Amino acid sequence: MSRQKLSANYIVSFDTFMLQPIEVGNTISTHVIERNGELNVPRKPIHIVKKSCDYYGGSLQTSINTARLALRNRHKTPIIVAHDFGTPYIFLPTMSPASEQNAWISYRAIDDIEPDKMSSIIYFENNRSVKINISGATMHRQLAFCKLLEKKFLNKQRLLNSPSFFGGFDDFDDD
């Protein structure tokens, strides 16, 4: 079930699987892969991520800073774009977020990663697959960072619900 349309006001949701840069003429747009279809958005992937972070009450810079703090300032950190009832919605960058060739992939949507020479084939939960120019080792590293970020987020959520929580911000790095 594929749908093709243009939407300049696109906001990511739990149905968004990937934001992939595409060249349209001499500008960069985004090919969005969703659970039930695909669409093209006449905005760069980074603009969609920024707008989505803003929409859900944060900012891209805050999301990056929070992830770097939790993951000890790693390169190409995944970010939490939003969360719903304690479930974080994490996107991982395939390159530096500043790169126009960077794609953003939903951590939850990935079913498997298959190394393919110097690239990877990403298999999504909707039986769609995409080949990207990132090594399998790098993609597995990114997944490991996502899992660690998710774990730290969920641990902080549990602390919030704990009647004995008297900790402060200094406790953020602890498991």
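In what follows, the structure referred to is the one given above.
So, a few notes on the structure that sits alongside this text. Bear in mind that the values here come from a model prediction, so they are computed numbers and not experimental data.

This part takes up the overall build of the chain. Scanning the chain for helices and strands turns up 3 helices and 9 strands. In the chain, the succession of helices and strands from N to C terminus is β-β-β-α-α-β-β-β-β-β-β-α. With 175 residues in all, the chain has 43% of them scored as buried. For the chain, contacts bridging at least 24 residues in sequence account for 48% of all contacts bridging at least 6. Of the roughly 9700 Å² of accessible surface on the chain, 51% is carried by carbon and sulfur atoms.

Another aspect to go through is the packing of helix H2 (residues 60-71) against helix H3 (residues 136-160). Contact geometry for H2 and H3: axes closest at 10 Å, N-to-C directions at 95°. Relative to H3, the element H2 lies roughly perpendicular. Note on element contacts: H3 touches H2 through Phe145, Leu148, Leu149 and Lys152, opposite Ala67, Ala70 and Leu71.

Moving on: the pairing of strand E8 (residues 119-124). Counted residue by residue, E8 has 5 buried out of 6 residues, so it is predominantly covered. Here strand E7 (residues 110-116) runs beside E8; their pairing, made up of 6 bridges, is antiparallel. Looking across to E8, one finds that Pro115 is bridged to Ser120. Hairpin connection of E7 to E8: 2 residues between the antiparallel strands, including Lys117 at a positive phi of 60°. Summarising the sheet, E8 and strand E9 (residues 129-132) pair through 4 bridges and their orientation is antiparallel. Bridge pairing links Ser120 to Ile132 in E9. Counting the residues between successive antiparallel strands, the hairpin from E8 to E9 contains 4 residues, one of them, Asn127, with a positive phi of roughly 70°.

With that settled, consider the side chain of Glu38. In this fold, Glu38 is placed in strand E3 (residues 37-41). Among the polar contacts made by the side chain of Glu38, one reaches the side chain of His31 at a distance of 2.6 Å. For Glu38, the side chain forms a polar contact with the side chain of Arg128, separated by 2.5 Å.

Here we take up the layout of surface pockets. Estimated volume of the second largest pocket: approximately 170 Å³. Residue lining of the second largest pocket: Gln20, Pro21, Thr94, Met95, Gln101, Ala103, Lys131, Ile132, Asn133 and Ile134, and that is the complete set. Taken together, the elements giving at least two residues each to the lining of the second largest pocket come down to strand E1 (16-24) and E9. Taken together, the residues of the lining of the second largest pocket break down into 5 nonpolar, 4 polar and 1 charged.

Three or more residues of helix H1 (residues 45-55) are buried, namely Pro45, Ile46, Ile48, Val49, Ser52 and Cys53. What you see down the axis of H1 is that its buried residues fit within an arc of 160°, all on one side. Each element contacted by the buried residues of H1 is listed here: E1, strand E2 (27-34), E3, H2, strand E4 (79-84) and strand E6 (104-106). Taken from the residues just after H1, Gly57 is the one with a positive phi, measuring 95°.

Calculation criteria
- Residues numbered from 1 in each chain as written.
- Predicted model: local features only at pLDDT ≥ 70, side-chain atom pairs only at ≥ 80, totals over all residues.
- Heavy atoms only, no water.
- Helix = DSSP H or I, 4+ residues; strand = E, 2+ residues; numbered from the N terminus.
- Buried < 20%, exposed > 50% of the residue type's maximum accessible area, 1.4 Å probe, protein only.
- Contact = heavy atoms within 4.5 Å.
- Areas by Shrake-Rupley, 256 points an atom, 1.4 Å probe, with all protein chains shown as cover.
- Axes fitted to C-alpha atoms, helices over the stretch in contact; angles between N-to-C directions.
- Parallel < 35°, antiparallel > 145°, perpendicular 65-115°, else oblique.
- Pairing = 2+ DSSP bridges.
- Polar contact = N/O pair within 3.5 Å; in protein donor to acceptor, adjacent residues only side chain to side chain.
- 1 Å grid on protein atoms, 1.4 Å probe; cavity = no way out; pocket = protein on both sides within 12 Å on 5 of 7 lines; lining within 4 Å.
- Points joined across faces, edges and corners; volume = space filled by probe spheres on them.
- Nonpolar A, V, L, I, M, F, W, Y, C, P; charged D, E, K, R; others polar.
- Arc of directions from axis to C-beta.

The quantities given are spatial measurements derived from coordinates; they are silent on function.
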